[in-house]
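Architecture and fold: a report
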Amino acid sequence: MKSNTATHFCKLCFQPIEGASFGLLFNGDVSLCLRCYNSFAPKMARFSTNGVPTYSLFPYNEAFRNALYRFKGCGDIELASVFTCRLSFLIPLLFPGYVIVPAPSSPSHDEKRGFNQVEEIAKTMPLPYVNALSKPFEHKQSDLSAEMRKSVKRFLRLPHPERIRGRKVLLLDDVYTTGSTCAACLDLLKRGGAKKAKALVLAKVPKKQNGGFP
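Residues numbered from 1 in each chain as written. Predicted model: local features only at pLDDT ≥ 70, side-chain atom pairs only at ≥ 80, totals over all residues. Heavy atoms only, no water.

Before going further, it helps to examine the environment of Gln 117. As for its position among the elements, Gln 117 is in helix α6 (residues 117–123). Considered as a pair, Gln 117 and Pro 102 are 15 residues apart in the sequence and their alpha carbons are 9.1 Å apart. For Gln 117, the contacting residues outside a window of four places in its chain are Phe 71, Lys 72, Ser 105 and Asp 174. Among the polar contacts made by the side chain of Gln 117, one reaches the side chain of Arg 113 at a distance of 2.7 Å. Separated by 3.3 Å, the side chains of Gln 117 and Asp 174 make a polar contact. (Helix = DSSP H or I, 4+ residues; strand = E, 2+ residues; numbered from the N terminus. Contact = heavy atoms within 4.5 Å. Polar contact = N/O pair within 3.5 Å; in protein donor to acceptor, adjacent residues only side chain to side chain.)

A word on the pattern of salt bridges. In this structure the tally under the stated criterion is 5 salt bridges. Residue Glu 120 is joined to Lys 123 by a salt bridge in which the shortest nitrogen-to-oxygen separation is 3.0 Å. One end of the pair, Glu 120, and the other, Lys 123, are both in helix α6, 3 residues apart, so they sit about a helical turn from each other. Its relative accessible area of 45% is what places Lys 123 among the partly exposed residues. A salt bridge links Asp 187 to Arg 191; the shortest N-O distance between them is 2.9 Å. Of the two residues, Asp 187 and Arg 191 are both situated in helix α8 (residues 180–191); the distance of 4 residues between them amounts to about one turn of the helix. (Salt bridge = Lys/Arg side-chain N within 4 Å of Asp/Glu carboxyl O. Buried < 20%, exposed > 50% of the residue type's maximum accessible area, 1.4 Å probe, protein only.)

Below is the structure:
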C-alpha cells in the first residue's frame, strides 16, 4: 500500500521536496522542487504564430536547457513531468475542451531516444491527447538554413485528420525557435478540419539565441 506521507524527491537535484505551494494544493504528485522550478524562471507569455494564439511556460534559459538535454538528449524519460508538474492544474483552465496534439519528431530520433519527448510531456498534462501529425522525412531543425526552415512543412504530414476534425486542438511542442515548425503544424491542423487551434510550448528561444540552441 502506497503511503501518503512518503517523502517526494526532486527528479532534477534529488533533494526532498518540502514546503507548500499553490500548485501543490492541486497536484500532490510534484516531481520538481521549488528551487529547481524557480531556476527555470517560470513566466507564461502569449504571442502569435501566423495569427494563432501561442503560449510559452518558460524562457529558454540555461537551467531549462540543461534539464531538457537530460530528458531529450540523454533519454531520461523520468524527467517528462518536471516541466509541467507545478503548472499542469492551469492547463484545463486555460484550454477547456481542447485535445492536445504533440508535435512530431522523426521515427529514427524516437527510436534512438526510446520515446517521443513531446508525447511523454503530453501524458503528464490533464487533457486528452491524440497523435495526428507525423514527420516521415529526416531532418534536424538546427541543421537547416533560415530559408529551408520556412519550407519545413514539406517534412510534415497529417495522416490522421479524422482525429482532430471538428475539435479544438492544442498543438504542444518543447521548444519554439523560429516558429516555422509550429506554423507548419498549425496550418496542417487547420486544413485538416480542426474547429479551433492554439499552441503551447514549454520554452521560447529569444531571437538573439536562434542560431545557437542545441
